[in-house]
Amino acid sequence: MGYAHVYAHEIMHRGRVPMEPADFVPDWADRPRKAKFHPDAETLPLPQTPEPPEQAAGAVRGFTLPLLSGMLRDSYGLTGRRLAVQANTDLAALPHYTHANWSRGTASGGGLYPVSVHWAAGPGGPLTPGLYHYAPHQHGLRRLLAGDVTGEVRSALGPGAGAAAAATHYLVLGVKYWQNAFKYNSFSFHAVSMDVGALVQTWRLWAARYGLRIDPVLWFDEERLARLLGVAPEEEGIFAVVPLTWDGAPGSGAGAAPAPAVTPAAAPAAIPAAPPNPSPNPTPTPVATPAVRHRDVERSRRVLVFETLLRIHEATAGRAADRPAPDALDAAAAFPPRGGDPLPLPAPPAPPVTTGRALRERRSSFGRFDASRPLAAGPFAAALADCAATAYGTEAERPGGPPLTSLYAFVNHVEGIAPGAYAYDPAAHTLRLRVPGPPGSFLQRNYFLSNYNLEQAGAVIVPTVRTTAVLDAVGDRGYRLVGATIGAVAQTFYTTAAAFGLGAGVALGFDNISYREELGLTGTDEAPLLIMLLGHDRPRPADFRHEIA
């Protein structure tokens, strides 16, 4: 049993046994930047692509620069300033520009957005092949290295990467731990794992409108990619590689042969060429490994190291290239839903707005739920069906294989559904009663923060994963898969809620064990890892109109 089992146990019990350091207080005056900063790197602005009409979206041959720009903007780009009157604890600071909070299409734990997006651009694209960092605040690309490094990425993916090895362009997702750990210390690894899944799911939802696939690779030589990105492995984890099909790129597309590796034109000469060796058995000349010259500059004067965070990173990074068998996760499949007689749900209605618009309008309700208007059963059913159909979609998950997540719903105020706790059956699209009666008292009693009144939400949806079974099946790296799976579900939930004009909120500050007990999951390995609040917001909220300011 690896350390990830220990970490998973501590996460589940942290509502009753605080994780170390229990007395930690963030130093807000010395907080890190909200994105990486490369002061000497050239920044290339990305095109401001308008939202296409719904009828214009359709199958395309591959990504183009405008499409990539639109996907990055609607996922991690700044779409507007948030300054609404709400119940979150940071409201007093937000009017000050130095503490401004900005809307993004993707959800993030604590709104910290620690995922760094790098584009390894190969031949056939619109820019000089090289390695670029996406700068969300400028909506631009910082060129960190000129020269084709996609061969290095393919080598890191190793054998068994399937169609990913045929790509000529890749997005590489890293997590700079301090960007989240300065606030959440040992808990941060749990949160950032979800952040990666939320971002990937945004891309999947966005790209699907154009017939494009987003299939992240989770198992690869992480140390090799860390060297390429010029990051210290203990400070930043490389969590996913996403191959892109590029329109017009040579060798792109499933089944195509990989493009040959090209030595980067601007890679540093870290290892000079050796002179000829007259020996009859000459020593092979070492091959230079490309690495970026432009490095991130940290703002914080003091960067702390948390032992628990370091240990779980090392556990999930170890043997990162040992890709599991395609059917390994079948042993960790979600249990069949159990409960009372099935209660049919209405067919999910079609969302009234596009995915792009829903992403740009996504936000957390933060205490603005209004129970005077019950939640209609149709949008509630759509949220359940969409979340149940969500998977992280890595190479370890067999296409058509069993799901890893189960969904439970605490119903407060939903039209036509009696209050109570239910299990959702996605195959039959029904609810099965687990606990009868209004759940509001239980929900609020087991929530740690003051920014939500959970009883005012129409429903609270709870995804679970058999965490220990996943770890037993694929090893410690499976913890990143568990977190990302839950993050993907959360992003689907937010996007569906926004598409129907509903209020939504996702929270981690609850007693996981109490939820396990209330839902009758004691004695199983089902882990409730997130609560997702859905309902109507109060009408006519006070908000800041950033677009006319």
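Look a little higher up for the structure.
Bear in mind the structure is a predicted one, so any value in this text is a computation, not a measurement.

**Digging into the pairing of strand 14 (residues 503-507)**
- Among the five residues of strand 14, four are classified as buried, and the element is accordingly described as predominantly covered.
- Judged from the five bridges that link them, strand 14 and strand 16 (residues 531-535) form a sheet pairing that is antiparallel. Its bridge partner lying in strand 16, Ala-504 is registered against Leu-534.

**Details of a negative patch on the surface**
- Taken together, the side chains of Glu-234, Glu-235, Glu-307 and Glu-314 define an acidic patch exposed on the protein surface.
- Locating Glu-314 in the fold gives a position in helix 7 (residues 307-317).

**Let's talk about the pattern of salt bridges**
- Per the stated rule, a full pass over the model turns up 22 salt bridges.
- The salt bridge involving Arg-16 is made with Asp-511; its shortest N-O contact spans 3.1 Å. A residue pair is termed long-range when its members are at least 10 positions apart, and Arg-16 in the loop between helix 1 (3-13) and strand 1 (42-45) and Asp-511 in the loop between strand 14 and helix 13 (512-518) qualify at 495 residues.
- Taking the relative accessible area as the measure of exposure, Asp-511 reaches 7% and is therefore buried.
- Its salt-bridge partner being Arg-319, residue Asp-322 comes within 2.8 Å of it at the nearest N-O pair.
- Judged by relative accessible area, which is 41%, Asp-322 ranks as partly exposed.
- We classify Arg-319 as exposed; its relative accessible area is 70%.
- Linked by salt bridges that have partners in common, Arg-16, Asp-511 and Glu-517 make up one network.

**Some words on unusual backbone geometry**
- Looking along the chain, the bond that leaves Glu-20 and enters Pro-21 is cis, with omega of -5°.
- The residue Pro-21 is located in the loop between helix 1 and strand 1 in this model.
- Positive phi, normally seen in glycine, also occurs at Tyr-113, with a value near 50°.
- Inspection of the secondary structure assignment puts Tyr-113 in the loop between strand 3 (101-103) and strand 4 (115-121).
- On the basis of relative accessible area, Tyr-113 is assigned to the buried category, the value being 5%.

Here is what the cut-offs are and how they apply
Residues numbered from 1 in each chain as written. Predicted model: local features only at pLDDT ≥ 70, side-chain atom pairs only at ≥ 80, totals over all residues. Heavy atoms only, no water. Buried < 20%, exposed > 50% of the residue type's maximum accessible area, 1.4 Å probe, protein only. Helix = DSSP H or I, 4+ residues; strand = E, 2+ residues; numbered from the N terminus. Pairing = 2+ DSSP bridges. Patch = residues over 30% accessible without salt bridge, like charges linked within 9 Å, V, L, I, M, F, W, Y side chains within 5 Å. Areas by Shrake-Rupley, 256 points an atom, 1.4 Å probe, with all protein chains shown as cover. Salt bridge = Lys/Arg side-chain N within 4 Å of Asp/Glu carboxyl O. Lys, Arg positive; Asp, Glu negative; His and termini not counted. Charge placed at Lys NZ, Arg CZ, Asp CG, Glu CD.

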